[in-house]
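The residues making up each chain are set out below.
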Amino acid sequence: MRTVACVVVLGALLVAACGPSSVEVAPTEVTTPVIESVLPSTTTTTAPQAPTTTPTTTSTTTSSTTTIPDVPPELVLDDQGVPMNGQTDGVLITETGWVTPVLSGLAGGRHRVWTPCGRTQDIAGGRFVGSVDFVLDPGHGGSEPGAVGRGGLREADLNLDVTLKLRNALIDAGYSVMMTRQTDVRVPIVTRAEIAQALDPIAFISVHFNAGTDAVSATPGTEMYHQIDSPDSKRLAGLIYEESFGVLDQFDIRWVALGDAGTLVRPNREGGDYYGVLRRPAPVVSVLAEFAYLSNPSEEQLVSEPVVQQMLADATVKAIERFLTTDDPGSGFIDDPIFRGYGPSGAGRTTNCSDPPLE
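Residues numbered from 1 in each chain as written. Predicted model: local features only at pLDDT ≥ 70, side-chain atom pairs only at ≥ 80, totals over all residues. Heavy atoms only, no water.

1. Section: the overall build of the protein
In terms of helices and strands, the protein carries seven helices and 13 strands. Counting the 359 residues in the protein, one finds 55% classified as buried. Looking at the protein alone, contacts between residues at least 24 apart form 81% of all its contacts between residues at least 6 apart. Total accessible area on the protein is roughly 13,900 Å²; 53% of this is exposed by carbon and sulfur atoms. (Helix = DSSP H or I, 4+ residues; strand = E, 2+ residues; numbered from the N terminus. Buried < 20%, exposed > 50% of the residue type's maximum accessible area, 1.4 Å probe, protein only. Contact = heavy atoms within 4.5 Å. Areas by Shrake-Rupley, 256 points an atom, 1.4 Å probe, with all protein chains shown as cover.)

Take a look at the structure:
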């Protein structure tokens with residue numbers, strides 16, 4: 001049953017309005033250091049299962065973790081000049097606070113890394129992390145705000161607030177976590193995906209809020225996108241949908257939604273995953289969450305409340321633990337999604353990107 005009293009707590013609701021699409025596109029610059037957010041375990045988890053040990057609070061080394069190559073590797077680029085994902089193993093958290101995937105160890109305790117802008121650089125010092133249980137991605141950031149609500153709430157800020165709460169809840173539950181960003185910065189999607197591949201987590205979850213529809217709905221328009229070719233991604237997305245929808249549907253507000261809101265896929269022209277945050281991290285199990293419509297004033301007001309953000313974070317953790325410990329299939333699956341077009345899809349381009357100081 002919905003909680004009518006929440007309307008009084010949240011104040012008077014405004015009328016709904018359309019907003020810009022929250023499709024994540026490739027960032028073009030990085031300007032501010034990322035602060036590390038790591039509580040890594042020392043054991044890489046390769047298949048969904050219940051954790052058997054409590055992760056340590058640190059996993060630290062500045063020495064090479066692999067055989068030092070005679071010729072240090074360079075990044076392999078595709079025909080668009082974008083680095084190919086899947087070239088690194090572990091990450092180095094630099095002394096300036098950036099998370100950089102590691103190409104190889106070097107003599108003298110140095111590492112050759114993939115920079116935030118997708119280039120090669122040799123770094124001294126820092127802290128090597130070999131694996132974590134989950135990689136969390138607060139969508140957008142910096143000069144790419146994402147959707148902006150009628151009341152001025154930026155999606156990039158909201159994504160970060162919810163993801164920080166999700167990180168803390170996962171740590172409290174005994175898991176290790178890495179975030180792709182922990183401050184208001186832009187990081188190319190290809191680099192976010194490489195962080196996930198480098199750490200080989202149980203799952204990569206990209207947190208977003210939606211925009212762009214004015215179709216009034218009796219229920220929340222929550223959308224969870226999963227990888228087309230991954231049954232585990234589909235099940236995890238269905239569980240996150242089930243838990244987060246259940247949280248939001250308690251509130252009696254004016255919702256908006258597309259007719260196919262639920263757990264779904266979005267293919268590109270080639271039949272693969274449209275969104276870069278699903279396509280590029282593969283084979284890591286990945287989910288793109290669009291919890292609610294920031295462009296709808298009543299939803300903007302609701303999700304701006306820290307208590308509601310915490311409820312979404314806790315719901316996501318509950319879904320993750322069900323994913324790890326049960327065979328529950330999840331729900332909300334859409335067999336024939338509405339065609340959403342082939343616009344910008346987070347291709348991961350790294351042009352016009354200036355790397356920050358890494359040492």
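2. Things to note about the side chain of Glu290
Structurally, Glu290 is set in strand β13 (residues 286-293). Buried charge Glu290 goes without a salt bridge, the closest partner of opposite sign being Arg266 at 7.8 Å. A polar contact is formed between the side chain of Glu290 and the backbone nitrogen of Asn210, at a distance of 3.2 Å. (Lys, Arg positive; Asp, Glu negative; His and termini not counted. Salt bridge = Lys/Arg side-chain N within 4 Å of Asp/Glu carboxyl O. Polar contact = N/O pair within 3.5 Å; in protein donor to acceptor, adjacent residues only side chain to side chain.)

3. Digging into the packing of helix α4 (residues 231-248) against helix α7 (residues 306-325)
Packing of α4 against α7 brings their axes to within 8 Å, and their N-to-C directions diverge by 145°. Handedness of the α4/α7 crossing: right-handed. Here Asp232, Arg235, Leu236, Leu239, Ile240, Glu242, Glu243, Ser244, Val247 and Leu248 of α4 lie close against α7, whose contacting residues are Val308, Met311, Leu312, Ala315, Thr316, Lys318, Ala319, Ile320, Arg322 and Phe323. (Axes fitted to C-alpha atoms, helices over the stretch in contact; angles between N-to-C directions. Left-handed = near helix turned anticlockwise from the far one by under 90°.)

4. Remarks on the sheet that holds strand β3 (residues 111-114)
In space, the five strands of this open sheet follow the order β4-β3-β2-β1-β5, with antiparallel pairing throughout. Strands with a single pairing partner mark the edges of an open sheet, and in this sheet they are β4 (120-123) and β5 (127-129). This sheet shows a mean twist of 45° between the axes of neighbouring strands, independent of strand direction. In this structure, strand β2 (residues 99-105) lies alongside β3, joined through three bridges in antiparallel fashion. Along β3, the bridge assignment pairs Gly105 with His111. Sheet contacts for helix α3 (residues 189-199): β1 (91-93), β2, β3 and β5; angle to β2, the most-contacted strand, approximately 55°. (Pairing = 2+ DSSP bridges.)

5. Regarding α3
Taken across its eleven residues, α3 has eleven buried, putting it largely inside the fold. Here α3 has its buried residues at Ile189, Val190, Thr191, Arg192, Ala193, Glu194, Ile195, Ala196, Gln197, Ala198 and Leu199.

6. Thoughts on unusual backbone geometry
Cis geometry is found at the peptide bond from Ala282 to Pro283, where omega equals 20°. A positive phi angle, near 65°, is found at His140, a position not held by glycine. Structurally, His140 can be placed in the loop between β6 (134-138) and α2 (155-172). The phi dihedral of Asp200 is positive, around 45°, even though this residue is not glycine. Taking relative accessible area as the criterion, Asp200 reaches 34% and is therefore assigned partly exposed.

7. Side note on the nonpolar core
Phe134, Leu170, Phe209 and Phe291 are the most contacted members of the largest nonpolar core, which has 48 residues in total. Contributions of two or more residues to this core are made by β6, α2, β7 (177-179), β8 (203-210), α4, β13, α6 (297-303) and α7. By residue number, the principal contributor to this core is α7, which donates nine residues. When near neighbours in sequence (up to four residues on either side) are disregarded, Phe134 contacts Leu170, Tyr175, Ser176, Val177, Met178, Pro201, Ile202, Ala203, Ile320 and Leu324. Counting residues in each nonpolar core, the second largest holds 21 residues, with Ile93, Val99, Val135 and Tyr225 among its members. (Core = buried A, V, L, I, M, F, W, Y, C linked by side-chain atoms within 4.5 Å.)

8. Describing the pairing of β2
Counting buried positions along β2 gives seven out of seven residues, so the element sits mostly inside the fold. Sheet topology places β1 next to β2; three bridges connect them, and they run antiparallel. Looking across to β2, one finds that Ile93 is bridged to Val99. Hairpin remark: β1 followed by β2, antiparallel, with five residues in the connecting loop; positive phi at Gly97, about 95°. Hairpin remark: β2 followed by β3, antiparallel, with five residues in the connecting loop; positive phi at Gly108, about 75°.

Taken by themselves, the reported measurements are silent on function.
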